[in-house]
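Observations on the three-dimensional arrangement
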Amino acid sequence: MSRPITRREAIATAAALGVSLAWASRTPRGSQTSWQQRAEYYPQGVASGDPTSDGVILWTRRPPVGDSSASSLAVEISDDAQFHRIVSKTRAPVSPNTDWTCRVLVAGLLPGREYWYRFSDEHGFGSRIGRTLTAPARTDARPARFAFVSCQNMQLGACNAYRRMIVDDERRNPAERLGFVLHLGDFVYEIVWYPEDRPQGYYSRRIRDIVRYASGEKHADFHVPTTVDDYRSLYRAYLLDPDLQDARARWPFVCMQDNHEFSWKGWQSQENFGDTQPAQTRKVAANQAWFEYQPARVARVGGKVTAPFRAPPVSNAPLGRFDAHGLGIDPDNLAAIDSLQFYRSMHWGANIDLILTDNRSYRSEPLTTRPEALAFQPNGFPAVVSEDVTEILDAGKEFNGRNPPATITFNGEARPNPRRDAPPLSMLGARQKKWFLEQLRSAKATWKLWGNSVAMLDWRIDFQNLPTDLDARWPTSGYGLLGDDDWSGYRHERAEIFRFVREQGITGFATVCGDRHSFLAGLLSPTLPPKRFEPIGVEFVTGSISAPGIAEAMEYNLPPTHPLRSLYVYQPPDNARPQAAINLSILRGVRASLELQRTHDLQQALTLSNKDVAPQLSFADVGGHGFAVVTAAPAALDVEFVCIPRPIERATQADGGPVSYRVAFRVPRWSKGEAPQMTRSVVEGELPLVP
Ligand SMILES: [Fe+2]
């Protein structure tokens, strides 16, 4: 759409999104409000989100503080930082119905511009000043740049990554600065440890006492929220972080939820803390808090959201009936997940079409929590499943051209295939998948970017090549696969999407992901050796902002006597700091990692590389934290991973502390019929056991 939005359309959009409207004027004026900054009355700062070429949503929270309260806020948007040229202003209500949060849609702005905004209450007490940006016009082919992030656990770590991102951006020349920050989920972690529950801390981390749930529920040694007020208290606590606040005040954010915005092992409206339990009321509560705290263009499915969010009445009834994609069709489940539709798309100039999917609300139950998959857990092999078995269980009755095996050989024993008659698993669900494929097919930008909260690249370990003298017996003749909770466990649908990309001749297909708490980059192929390797797109996975990853977990969880420890953790001589051998196992195979531990000689270890384990991967660092920066231009897609040291404490340096490494990837634009290619170069620092 190149025609500017009309005022009438803007009014309809604001109503559909449940926000107040500020319409921009072409004749800027000076400010007429008595704004006087009193940031203490806006403890969660300000934010903006979901920019288009003509508008953006602005956000703040103005709760009662002491005996000072407000019932409405004036919002001013200016095209200069001094607020001499106000292009739009309006008033918007605040009340306890939305936990004192305030969302305003500004429409009628100009494309590719920088704007400033601020809120003030009836007393003239003002918020801090925020900066935001509108998307370039669809015809604007200048290179576009953004950052993507995921997984910030404020209880266990610090947001040094945001500080580094801000400092890097300030140093860029203005034309090369980031346009927005894409947040791929785990913006909050709903499972919370109270410090007294774990006096020993968590791995290398100290537990911060940031939130106590008024109505929480305790499982094992952690607590989970049960009401909308519990979920709200989580956002209130997280948004006190000064680095996150400064990032939200500097760039518009584009946010997609992942699992922890609702429930750790949640799927649809169900939770699992040992077994699957209906949690429709919690799903609605989680959605309501997300709606209130994230400035995003989201609404209830099939209708309008009116401010405040209208929570549908639901009860926690177990799921009984499913469609052919594993979606529970009981009314309470549908009402809960349809209370907010997260999936949506956006455009950023001529180079970026961004499609965001919700990978949690419609997915069929993952293999990880299915009781029938338990018999196929490789005991003694940490954090992995069998690739071969996952293929069979995921595809169900569709396996092998609708010819699934009656039994699966595991540990030398033929076991009945429990999913021989079951439909294949689905990550997206039927309705979202139809929408997604249509978005992909009709995308016109050079780069079709998929904001994909969970990753697709397989990360395998060739356990079938373990020496026989090790005290560990791998149960199949194929590869081990890390995790089966992401696309690596929804392989049938993944293959269907890749087939669609190939058949439609879609080029410039790239997925950007979070969730794995690891940096990975590589080429997407429907199958890997010993089957064919035929890339159809590329993928970049960002390390977490702060949440611990597998490398850290293994360092603390695997005792020195564990027979497989050296495949996960390399212990250099003289008690030096352990390193992530798992990177080497994923990229070059188990024999390389064992040889490294034996000889302490990386070059010697690499002579035992298995070239078949990871032809798809250009990079894998399971121990890294930080963020990724994408530059999308007509000729190439460039992505840089910025890795920082484990963010155990907030950096004392003004620049957010040191950078461990920067590694850059280039993907030249490819044409229909060509395969994508990726090159890698180290910009700064040293890579951690990544050959
Ligand atoms: Fe996470």
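Residues numbered from 1 in each chain as written. Predicted model: local features only at pLDDT ≥ 70, side-chain atom pairs only at ≥ 80, totals over all residues.

**Some points on the pairing of strand S31 (residues 636-644)**
The element S31 is extensively covered by neighbouring structure, given that 7 of its 9 residues are classed as buried. As paired strands, strand S30 (residues 625-632) and S31 are joined by 8 bridges and run antiparallel to one another. Of the residues in S31, the one forming a bridge with Gly-626 is Cys-643. (Buried ≥ 20, exposed ≤ 12 C-beta atoms within 10 Å, placed from the backbone. Helix = DSSP H or I, 4+ residues; strand = E, 2+ residues; numbered from the N terminus. Pairing = 2+ DSSP bridges.)

**Topic: the packing of helix H2 (residues 160-171) against helix H4 (residues 242-250)**
It is the contact of H2 with H4, at a shortest axis distance of 8 Å, that shows an interaxial angle of 40°. One element, H2, and the other, H4, form an angle in the oblique class. As H2 runs across H4, the sense of the crossing is left-handed. On H4, the residues that touch Asn-160, Tyr-162, Arg-163, Met-165 and Ile-166 of H2 are Asp-243, Leu-244, Asp-246, Ala-247 and Arg-250. Tallied by class, residues from the contact of H2 with H4 come to 5 nonpolar, 1 polar and 4 charged. (Axes fitted to C-alpha atoms, helices over the stretch in contact; angles between N-to-C directions. Parallel < 35°, antiparallel > 145°, perpendicular 65-115°, else oblique. Left-handed = near helix turned anticlockwise from the far one by under 90°. Contact = placed C-beta atoms within 7 Å. Nonpolar A, V, L, I, M, F, W, Y, C, P; charged D, E, K, R; others polar.)

**Notes on the environment of Asn-173**
Along the chain, the position of Asn-173 falls in the loop between H2 and strand S12 (181-183). Between the alpha carbons of Asn-173 and Ser-88 there is a distance of 28 Å; along the sequence they are 85 residues apart.

**As for the domain arrangement of the protein**
Often, the extent of an interface is quoted as the loss of accessible area upon association of its parts. Domains assigned within the protein are domain 1 (1-134) and domain 2 (367-685). Computed over C-alpha atoms, the centres of domain 1 and domain 2 are 41 Å apart. (Domains from an automatic or database assignment.)

**Regarding unusual backbone geometry**
Pro-529 connects to Pro-530 through a cis peptide bond whose omega is 10°. Mapped onto the elements of the fold, Pro-530 is located in the loop between strand S27 (519-524) and strand S28 (537-541). Phi is positive for Tyr-203, close to 50°, though the residue is something other than glycine. Its location among the elements puts Tyr-203 in the loop between S12 and strand S13 (217-219). A count of 16 C-beta atoms within 10 Å places Tyr-203 in the partly exposed class. Here Asp-515, not a glycine, exhibits a phi torsion of approximately 75°, which is positive. The topology assignment puts Asp-515 in the loop between strand S26 (509-513) and S27. For Asp-515, a count of 26 C-beta atoms within 10 Å puts it in the buried group.

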